[in-house]
Amino acid sequence: MIRLLMIGCCFSLGVCLMGYAEEDYLLRVEMRGYEKVPEENPEEKLLHSIEVVTRLNQRFHGKSQSGRYAQTINGKLIRKEGKFAVQLEYLQTVDLGYVPDVFGNPQLGETGIKISNHECQLDKVYFIGGSETESQTNSCPLVRSRLHIYLQVTRYVPQEAFKAPDDSQPIVP
C-alpha cells in the first residue's frame, strides 16, 4: 500500500514538472513606418510594438497603452507538422481628440489586422500587413504615411530578459 502511494506521488510530481517544462515563446508585433510626413523618402522607424509570452496551443492576450495610442493582441500559437502557425488579431487605436456626437464618444482611428493565420519560423521577421497613403489639401503640401506591421516569434528566455546590469560599464555612453 505504501509502495503504491509512493509511486502515485512520484508520478504526480513528474506530471507537474513536465507541465512546467513546456517552452515559452515570445511573440512580438511591431508597427514601423512614418505618419503624415512631407518628405520625398522619409526614414522608416519603429512606431509601436507589443510583446506577449505564450505557450503552444494556448490563447494569448495583451494590451498596451501609451498616450493616445492603445494596442491589443489576441490569438493562439500552434505547431503543425513541425512548423509554427499564429492565429492573430492585432488592433492599434489612436484617440483623434475630438467628439463627433452628442453622446460624448471619442472618435478612434484604427489600424491593424482583424483575423489572420501566419506560418512562421523561429527568429524570423515576417511582414503581415500594412498601408501606404498620400494626401494633399488645398494649401498644404503632399504628405505620406506608411504603416507596416511585422511579426516575430522567438523562444522566451527569462534569464536574458532580466540580466543584471554590468556596474563596470557606464549606463549612458
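Draft legend 1. Just the overall build of the protein chain, in detail. What the protein chain contains, in helices and strands, is 2 helices and 8 strands. Sequence-ordered secondary structure for the protein chain, helices as α and strands as β, is α-β-β-β-β-β-β-β-β-α. Across the protein chain, contacts joining residues at least 24 apart in sequence account for 48% of those joining residues at least 6 apart. When the accessible surface of the protein chain is totalled, it reaches about 12,700 Å², and 54% of it is carbon and sulfur.

Draft legend 2. Quick look at the pairing of strand 5 (residues 83-95). Pairing analysis gives 12 bridges linking strand 4 (residues 69-80) to strand 5, with the strands arranged antiparallel. Its bridge partner being in strand 5, Gln71 is matched across the sheet by Gln92. Following strand 4, the chain reverses through 2 residues before pairing antiparallel with strand 5; Glu81 in that reversal takes a positive phi of roughly 50 degrees.

Draft legend 3. Local environment of the nonpolar core. In this structure, Leu27, Val29, Ile73, Val86, Leu88 and Val153 are the most contacted members of the largest nonpolar core, which totals 21 residues. When contributions to this core are tallied by element, the ones reaching two or more residues are strand 1 (25-37), strand 2 (45-54), strand 4, strand 5, strand 6 (108-120) and strand 8 (143-155). Apart from the residues lying within four places of it in its own chain, the contact partners of Val29 are His48, Ser49, Ile50, Ile73, Leu88, Tyr90, Ile149, Tyr150 and Leu151.

Draft legend 4. Highlighting the pattern of salt bridges. By the definition in use, this model includes 8 salt bridges. The partner of Glu132 in a salt bridge is Arg146, and the shortest N-O contact between them spans 3.4 Å. Of the two residues, Glu132 sits in strand 7 (residues 125-135) while Arg146 sits in strand 8, which places them 14 residues apart along the sequence. For Glu132, a relative accessible area of 53% puts it in the exposed group. Where Glu134 meets Arg144, a salt bridge forms, and the shortest distance between an N and an O atom there is 3.3 Å. A residue pair is termed long-range when its members are at least 10 positions apart, and Glu134 in strand 7 and Arg144 in strand 8 qualify at 10 residues. For Glu134, a relative accessible area of 54% translates into the label exposed. Taken together, the shared-partner salt bridges in this structure form one network comprising Arg28, Glu30, Arg32 and Glu51.

Draft legend 5. Spotlight on the environment of Glu39. Looking at the secondary structure, you find Glu39 in the loop between strand 1 and strand 2. For the pair Glu39 and Val143, spaced 104 residues apart in sequence, the C-alpha separation works out to 7.4 Å.

Draft legend 6. Highlighting unusual backbone geometry. Phi at Lys36 takes a positive value of approximately 50 degrees, unusual for a residue other than glycine. Along the polypeptide, Lys36 turns up in strand 1. Positive phi outside glycine occurs at Asn57, with the angle close to 60 degrees. Relative to the helices and strands, Asn57 is located in the loop between strand 2 and strand 3 (59-66).

Draft legend 7. Inspection of the side chain of Thr54 at higher detail. Among the structural elements, Thr54 can be located in strand 2. Other than its neighbours up to four places away in sequence, Thr54 contacts Glu23, Asp24, Tyr25, Phe60 and Leu77.

Draft legend 8. Seen up close, the sheet that holds strand 7. Sheet architecture is open: 4 strands sit in the order 2-1-8-7, paired in antiparallel fashion. Bordering the open sheet on either side are strand 2 and strand 7, each of which pairs with just one other strand. Pairs of neighbouring strands in the sheet enclose a mean axial angle of 10 degrees, with direction left out of account. Both strand 1 and strand 2 contribute to a ladder of 9 bridges, which runs antiparallel. Opposite Tyr25, over in strand 2, you have Thr54 as the bridge partner.

Draft legend 9. Region of the structure containing the confidence of the model for the protein chain. Put simply, the protein chain has an average pLDDT of 77, and 72% of its residues get 70 or more. Per-element mean pLDDT across the protein chain ranges from 47 in helix 1 (residues 2-20) up to 92 in strand 3.

Rules of the game
Residues numbered from 1 in each chain as written. Predicted model: local features only at pLDDT ≥ 70, side-chain atom pairs only at ≥ 80, totals over all residues. Heavy atoms only, no water. Helix = DSSP H or I, 4+ residues; strand = E, 2+ residues; numbered from the N terminus. Contact = heavy atoms within 4.5 Å. Areas by Shrake-Rupley, 256 points an atom, 1.4 Å probe, with all protein chains shown as cover. Pairing = 2+ DSSP bridges. Core = buried A, V, L, I, M, F, W, Y, C linked by side-chain atoms within 4.5 Å. Buried < 20%, exposed > 50% of the residue type's maximum accessible area, 1.4 Å probe, protein only. Salt bridge = Lys/Arg side-chain N within 4 Å of Asp/Glu carboxyl O. Axes fitted to C-alpha atoms, helices over the stretch in contact; angles between N-to-C directions. pLDDT = per-residue confidence, 0-100.

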